[in-house]
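Take a look at the letters that make up each chain.
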Amino acid sequence: MVTMSENKMSFEEALSRLKDCSERIKAPEISLEDSIRCYEEGMEYFELCSRTLREAQQKIETFEIKE
């Protein structure tokens, strides 16, 4: 699970952790339970990345409107 301190992590770090989760899921020796945990963790990092990108897009659109 993503903790509150991880909620403040950089986009790059969250993306890296998301990629790590993806790689762990692809490993042939991973158990179903571990695979599910990795999936859930990865989805949390995906949400962090998505939120960061949406916020950046909103700032850019606001900046463009002000020009």
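Everything quoted here is computed from the prediction, not taken from an experiment.

Let's talk about the overall build of the protein chain
The helix and strand inventory of the protein chain stands at two helices and zero strands. Taking all 67 residues of the protein chain together, 18% fall into the buried category. Residue pairs at least 24 apart in sequence account for 64% of intrachain contacts in the protein chain once pairs closer than 6 positions are excluded. Just so you have it, the protein chain exposes about 5400 Å², and 57% of that area is on carbon and sulfur atoms.

Considerations on the packing of helix H1 (residues 11–26) against helix H2 (residues 32–66)
Where H1 contacts H2, the axes come no closer than 8 Å and their chain directions differ by 155°. As far as their axial angle goes, H2 and H1 are roughly antiparallel. As for the relative orientation of H1 and H2, their crossing is left-handed in sense. Contacts from Phe11, Ala14, Leu15, Arg17, Leu18, Cys21, Arg24 and Ile25 of H1 reach H2 at Ser35, Cys38, Tyr39, Glu41, Gly42, Tyr45, Phe46, Leu48, Cys49, Thr52 and Leu53. For the contact of H1 with H2, the class distribution of residues is 13 nonpolar, three polar and three charged.

What about the nonpolar core?
Counting six residues, the largest nonpolar core is built from Met9, Ala14, Cys21, Tyr45, Leu48 and Cys49. Those elements that provide at least two residues to this core are H1 and H2. Considering every element that reaches this core, the biggest residue donor is H2, with three residues. Setting aside residues up to four positions removed in sequence, Cys49 forms contacts with Phe11, Ala14 and Leu15.

About the thresholds
- Residues numbered from 1 in each chain as written.
- Predicted model: local features only at pLDDT ≥ 70, side-chain atom pairs only at ≥ 80, totals over all residues.
- Heavy atoms only, no water.
- Helix = DSSP H or I, 4+ residues; strand = E, 2+ residues; numbered from the N terminus.
- Buried < 20%, exposed > 50% of the residue type's maximum accessible area, 1.4 Å probe, protein only.
- Contact = heavy atoms within 4.5 Å.
- Areas by Shrake-Rupley, 256 points an atom, 1.4 Å probe, with all protein chains shown as cover.
- Axes fitted to C-alpha atoms, helices over the stretch in contact; angles between N-to-C directions.
- Parallel < 35°, antiparallel > 145°, perpendicular 65-115°, else oblique.
- Left-handed = near helix turned anticlockwise from the far one by under 90°.
- Nonpolar A, V, L, I, M, F, W, Y, C, P; charged D, E, K, R; others polar.
- Core = buried A, V, L, I, M, F, W, Y, C linked by side-chain atoms within 4.5 Å.

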